[in-house]
Amino acid sequence: MFTQFNRPMRGNPKIMISARGCCNHLLACLLTLTLACGVAGCGPSFGHDAQFNQGPGLLLSPQEINEIKQRLQQEPWQQAYEQLRMRANKALTQKPSPVKGEYPLDKRPPRWHYKAANRDANRALDMALMYQFSGDDAYAQQVRQVVMAWVDSMDTDINGYQAGIELSITMPQLLWAADLIWQSAHLSTNDKRAIRAWAHDLGQAAIEAKRFCCGATHNIHNWEWFLISAMGVMSQDKAMFDYGIDQYKAVLSNRFEPNLLLKSEGARTFEYAWFGLKALTMLAELARHQGVDLYDYEVGNGENRVSLRKVSLAHTRWFLDKSYPGTEPNYDLVVKEELDLAEVWYSKWGDPEFKQAALVKGRPAYDLFVLGPVTLTHGERKLQIVKPRSKTTH
């Protein structure tokens, strides 16, 4: 059974049964509607007993935001903040370009839908961060416009692996922006219900899609697991959150060669190996903000022990030494697209190789895919496990 929610900008969600749903069977239809209409009325039930840190809390906690504010007059964070302010101010005047209906399957250039999703997510995050750092409601108001444009326009079905990849990269960043303005007066109760319903549908669609491409163990699925867990937090669905966490653990158990290279990446460019590690790092960062430690989760014993720290350090040393064991060591592409990861790794573990790599990238760094101004938000600070706050009431 599959349920979709038609979400107008104002008013309560309206239930629609998907064409591939169960309307040929009256009893099944009634059961679907019963499950979708919780005790509070017609609307999705999201597992309200889950104690997720959200609003804000997806990838930055209130305490972390306050800590960042304290160093905005120090370098390199001052420069990063000024760059953020300029981008956010420019974004205030730009209209969103959401996909209308089903997300396109076409991966041929110019791929306007992917560019639009990435651009709108980047802009929304920049403005949401400026709202948190400055308190200016104008940023929150525009973030709301961008987020709700996508929520109200784009269907959540995932049809085809390319759509799944692109949505897994872009939508968590967009909804992180929503998380950062969650307490703003510009985000109404109906907006929050619509966002949560949409996030839940998107996460469920990713679970139902099973695999986007390339077999059961391809590393592109790391992004799928991140999307599912992020949508679980946004919709307050613990089972959905746990789904991605369990997959992370499975990746550490069976997706690394004895030399710590991600399986199947040896025949591709070095950047793809980093791309797979970025998704795992984003999932670990998401989990950290919900009181779950994936950063230091380990499998195996002795020399066969595998952890995110161990594989990240191996990849960083291959980059610094120009000793990648795969067949296409495109180090310049790693610098261009993935090396900002070193900021997060250095803040978490402190190994000097991570800082050296971060400096090769240059500061302040900006991550186009999820973290945005990563030097500003994650550079050189302790990444501690965030304890769950009281249950959300929104």
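Throughout what follows, the structure given in this document is the object of discussion.

Some thoughts on the overall build of the chain
Next, step 1: From N to C terminus, the chain includes 15 helices and four strands.
Next, step 2: Within the chain, contacts between residues separated by at least 24 positions form 76% of all contacts whose residues are at least 6 apart in sequence.
Next, step 3: A total of about 16300 Å² of accessible surface is found on the chain, and carbon and sulfur atoms cover 51% of it.

Some points on the packing of aromatic side chains
Next, step 1: Tallied over the entire structure, the rule returns 16 aromatic pairs.
Next, step 2: Both rings, one in phenylalanine 52 and one in phenylalanine 241, keep their centres 5.1 Å apart while their planes meet at 70 degrees; by these two values the pair is edge-to-face. Of the two residues, phenylalanine 52 sits in the loop between α1 (26-36) and α2 (62-69) while phenylalanine 241 sits in helix α9 (residues 238-254), which places them 189 residues apart along the sequence.
Next, step 3: What makes phenylalanine 52 buried here is its relative accessible area of 6%.
Next, step 4: Classification of phenylalanine 241 as buried rests on a relative accessible area of 4%.
Next, step 5: Between tryptophan 318 and tyrosine 324, the aromatic rings sit 6.3 Å apart at their centres with planes inclined by 65 degrees, giving edge-to-face as the arrangement.

Re the pattern of salt bridges
Next, step 1: Considering all chains together, one arrives at 17 salt bridges under this definition.
Next, step 2: Note that glutamate 82 is salt-bridged to arginine 85, the shortest N-O span being 2.7 Å. Within this pair, glutamate 82 and its partner arginine 85 are both found in helix α3 (residues 77-91), separated by three residues, close to a single helical turn.
Next, step 3: Judged by its relative accessible area of 32%, glutamate 82 falls in the partly exposed class.
Next, step 4: Linked through salt bridges whose partners overlap, the residues forming this network are Glu64, Glu285, Arg288 and Arg381.

Let's talk about the environment of tryptophan 150
Next, step 1: By secondary structure assignment, the location of tryptophan 150 is in helix α5 (residues 137-153).
Next, step 2: Residue classification places tryptophan 150 among the buried positions, given a relative accessible area of 0%.
Next, step 3: Placed 49 residues apart in sequence, tryptophan 150 and glycine 101 show a C-alpha to C-alpha distance of 9.8 Å.
Next, step 4: There is a polar contact of 2.9 Å between the side chain of tryptophan 150 and the side chain of aspartate 120.

Digging into the packing of α5 against helix α6 (residues 161-180)
Next, step 1: With their axes 9 Å apart at the nearest point, α5 and α6 run at an angle of 135 degrees to one another. Judged by the angle between their axes, α5 and α6 are oblique. Note on packing geometry: the crossing formed by α5 with α6 is left-handed. Counting all contacts with α5, which are made through Val143, Val146, Val147 and Trp150, the residues of α6 involved are Met171, Leu174, Leu175, Ala177 and Ala178.
Next, step 2: Split into classes, the residues belonging to the contact of α5 with α6 amount to nine nonpolar, no polar and no charged.

Quick notes on the nonpolar core
Next, step 1: Core analysis: the biggest nonpolar cluster contains 121 residues, and Met171 and Ile195 have the highest contact counts within it.
Next, step 2: Setting aside chain neighbours within four positions, we find methionine 171 in contact with Ala117, Trp150, Met154, Trp198, Leu202, Leu227 and Met231.

Concerning helix α7 (residues 189-209)
Within an α-helix, residues lying three or four positions from one another point in the same direction, as the helix has 3.6 residues per turn.
Next, step 1: The first and last C-alpha atoms of α7 sit 30 Å apart over 21 residues, in line with the 30 Å expected at 1.5 Å per residue.
Next, step 2: Among the 21 residues that make up α7, 15 are buried, leaving the element largely enclosed by the rest of the structure.

So, unusual backbone geometry
Next, step 1: Here the residue pair glutamate 75 and proline 76 is connected by a cis peptide bond, since its omega of 5 degrees sits within 30 degrees of zero.
Next, step 2: Cis geometry is adopted by the peptide bond preceding proline 364, which originates at arginine 363 and carries an omega value of 0 degrees.
Next, step 3: Tracing the backbone through its elements, the reader meets proline 364 in the loop between α14 (352-361) and α15 (374-378).

A look at α6
Next, step 1: Between the first and last C-alpha of α6 there are 29 Å, a value that for 20 residues agrees with the 28 Å anticipated at 1.5 Å per step.
Next, step 2: Most pronounced at leucine 167, the bend in α6 amounts to some 30 degrees.
Next, step 3: Counting buried residues along α6, 19 of its 20 residues qualify, which places the element largely inside the surrounding structure.

Describing the environment of leucine 252
Next, step 1: Among the secondary structure elements, leucine 252 is positioned in helix α9.
Next, step 2: Non-local contacts of leucine 252, meaning those with residues more than four positions away in its chain, are made with Tyr297, Val299, Val306, Ser307 and Leu308.

Reading the values: rules and limits
- Residues numbered from 1 in each chain as written.
- Predicted model: local features only at pLDDT ≥ 70, side-chain atom pairs only at ≥ 80, totals over all residues.
- Heavy atoms only, no water.
- Helix = DSSP H or I, 4+ residues; strand = E, 2+ residues; numbered from the N terminus.
- Contact = heavy atoms within 4.5 Å.
- Areas by Shrake-Rupley, 256 points an atom, 1.4 Å probe, with all protein chains shown as cover.
- Phe/Tyr/Trp six-rings, centres within 6.5 Å; stacked < 30°, edge-to-face > 60°.
- Buried < 20%, exposed > 50% of the residue type's maximum accessible area, 1.4 Å probe, protein only.
- Salt bridge = Lys/Arg side-chain N within 4 Å of Asp/Glu carboxyl O.
- Polar contact = N/O pair within 3.5 Å; in protein donor to acceptor, adjacent residues only side chain to side chain.
- Axes fitted to C-alpha atoms, helices over the stretch in contact; angles between N-to-C directions.
- Parallel < 35°, antiparallel > 145°, perpendicular 65-115°, else oblique.
- Left-handed = near helix turned anticlockwise from the far one by under 90°.
- Nonpolar A, V, L, I, M, F, W, Y, C, P; charged D, E, K, R; others polar.
- Core = buried A, V, L, I, M, F, W, Y, C linked by side-chain atoms within 4.5 Å.
- Expected span 1.5 Å × (residues − 1).
- Bend = angle between axes of the 7 residues up to and from the residue.

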